[in-house]
Structures are given as structure tokens and as C-alpha cells.
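Examining the three-dimensional arrangement
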Amino acid sequence: MGVAERKTRERADREHRITAAARLIAEREGWSAVTIRRLADEIEYSQPVVYSHFENRDAIVTAVALEGFGELAKALRKAAQRSSDRAKAIENVAIAYLAFARQHPALYEAMFTLPTILRFADADTRPELKDGFAALASVVAPSRSDVEVATETFWAALHGLAELERSGRIRKSARDQRIALVVRGLLDS
């Protein structure tokens, strides 16, 4: 392995350590506890080293959010593949989406709530975001002519449910009924 390859690998490893530390701190204490100083202490590097990888804290949150979109897309694709029945596949994806949001609250917050430079539905939308959308669209697409609108609506419904569940503003006991209603809405075309 050449020197350039080793340096590239080491840089990627440091970036991963920074984002992993940010996620860990955020999950334990919230995003307000994630600072450049705290990250530098956590990974045992100086603040200038952290800044050499990320311009600022928002750039770190964005990197974490991008990781999250990759993980979410993977979870949704896996859920979709568990059934060849369209209604069941949509239900599986909805359940997986809500479970992801519930199991990774700080990550989900970075993906959708915190200010980042990520933009959806633009020509320059990042591939990780497009992948998440495609995972949702894969179960929406069959027999729909309005795939993009239907997928955006599905996503909006799931996101709204996730946020309302997270904040405790809707009954957890009615989750299955809400999912069934969303699925029926997508099937009625």
C-alpha cells in the first residue's frame, strides 16, 4: 500500500471516529452537547484536527445525517423484500421507518430536524437522500402513475407520525391502525 492510500485510509478513519463520537454523544445527551471541543476530547485529537476534516459542527451533523439516510434506505429495502404482496410490503416499510425513527432519535433529528445543508428534491440532491426516497418509492411505484407525489406523501405521513410519536402527542396504542390507514391510502389509486 502506498503512502497516499494509507493517508486516505487514515483520514477516512478519523472522519468516521468524529461522526461516531458525535452520534454517541447526541444519543446520550442530545445534539446541544456535541461541540468541536467535546469531539476533540472524545476522540483524543486536537480541535484543529477536527476542523481539518469538518468546517464546523453543522458539517459534522450533515455527515451524520448522510450516514443515517444510508442506514434508513438499507432498513427500508430490507423491509420491502420481506413480502411480495404490495400491501404487506408497504406496511413493512412503514413499520421499519417508524422503528428506525424510534430507535435512533438523535440520528433521526440530525436527518430531518437540525439545520443542515441537505436539500431534498433538487437537481443536486445527495445520492444518500435519493436512495432513501428510492427505497420508499419501490413499494409505492407498482400500479401508480403519480409515483413521486405518492412517495412524497407516504414519506410525509411517516415523518409526521414519527415526530408525533417521538413527542408523545399521539397514542402509541393506535400505531397499527394509523399504519393500516396509510397503506390503504396508497393502495386506493
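Computed from a prediction, not measured in an experiment: that's the story for all the values here. (Residues numbered from 1 in each chain as written. Predicted model: local features only at pLDDT ≥ 70, side-chain atom pairs only at ≥ 80, totals over all residues. Heavy atoms only, no water.)

Bringing the overall build of the protein into the picture now. Secondary structure summary: the protein contains nine helices and zero strands in total. Along its sequence from the N terminus, the protein presents helices and strands in the succession α-α-α-α-α-α-α-α-α. Its C-alpha atoms put the protein at 55 × 40 × 30 Å along the principal axes. Residues counted as buried form 41% of the 189 residues belonging to the protein. (Helix = DSSP H or I, 4+ residues; strand = E, 2+ residues; numbered from the N terminus. Buried < 20%, exposed > 50% of the residue type's maximum accessible area, 1.4 Å probe, protein only.)

It is worth spelling out helix α5 (residues 86-103) at this point. If you check α5, its first and last C-alpha atoms are 25 Å apart, about what 18 residues at 1.5 Å a residue would give, namely 26 Å. Of the residues making up α5, those classed as buried are Arg86, Ala89, Ile90, Asn92, Val93, Ala94, Ala96, Tyr97, Leu98, Ala99, Phe100 and Ala101. Where the residues of α5 are buried, they touch α4 (57-80), α6 (105-112), α7 (127-140), α8 (147-166) and α9 (175-187). (Expected span 1.5 Å × (residues − 1). Contact = heavy atoms within 4.5 Å.)

This part covers the domain arrangement of the protein. Note: interface size is frequently given as the accessible area lost on complex formation between the parts. Partitioning the protein into domains gives domain 1 (1-54) and domain 2 (57-188). One C-alpha centre belongs to domain 1, the other to domain 2; they are set 28 Å apart. Across the boundary between the two partners, domain 1 contributes 13 residues, which contact 15 residues of domain 2. Across the interface of domain 1 and domain 2, roughly 1200 Å² is buried in total on both sides, 64% from carbon and sulfur atoms. Of all residues in domain 1, the largest losses of buried area upon contact with domain 2 belong to Arg23, Glu27 and Trp31, amounting jointly to 58% of the total for that side. Glu67 is paired through a salt bridge with Arg23; the nearest N and O atoms lie 3.2 Å apart. Viewed at the interface, domain 2 and domain 1 are joined by eight residue pairs in polar contact (both at pLDDT 80 or more). Contributions of two or more residues to the side of domain 1 that touches domain 2 are made by α1 (3-29) and α2 (36-43). Take the side of domain 1 that touches domain 2: its biggest share by element is six residues, from α1. (Domains from an automatic or database assignment. Buried area = accessible area lost by both parts, 1.4 Å probe. Salt bridge = Lys/Arg side-chain N within 4 Å of Asp/Glu carboxyl O. Polar contact = N/O pair within 3.5 Å; in protein donor to acceptor, adjacent residues only side chain to side chain.)

This next bit is on the UniProt feature "domain: HTH tetR-type" (unreviewed entry) in the protein. Under the UniProt annotation, the feature "domain: HTH tetR-type" (unreviewed entry) is placed at residues 12-72. Helix makes up 80% of residues 12-72 and strand makes up 0%, while its end C-alpha atoms are separated by 22 Å. (UniProt positions renumbered as here; feature names shortened; annotations may be inferred.)

This part covers the layout of surface pockets. By volume, the largest pocket is sized at about 240 Å³. The wall of the largest pocket is formed by Phe120, Ala121, Asp122, Thr125, Leu129, Lys130, Phe133, Glu148, Glu152 and Trp155. Elements with a contribution of two residues or more to the lining of the largest pocket: α7 and α8. Each pocket or cavity is described by its volume, and for the second largest pocket that value is around 150 Å³. Together, Leu98, Ala101, Arg102, Pro105, Tyr108, Ala162, Glu163, Glu165, Arg166, Lys172 and Arg175 line the second largest pocket. (1 Å grid on protein atoms, 1.4 Å probe; cavity = no way out; pocket = protein on both sides within 12 Å on 5 of 7 lines; lining within 4 Å. Points joined across faces, edges and corners; volume = space filled by probe spheres on them.)

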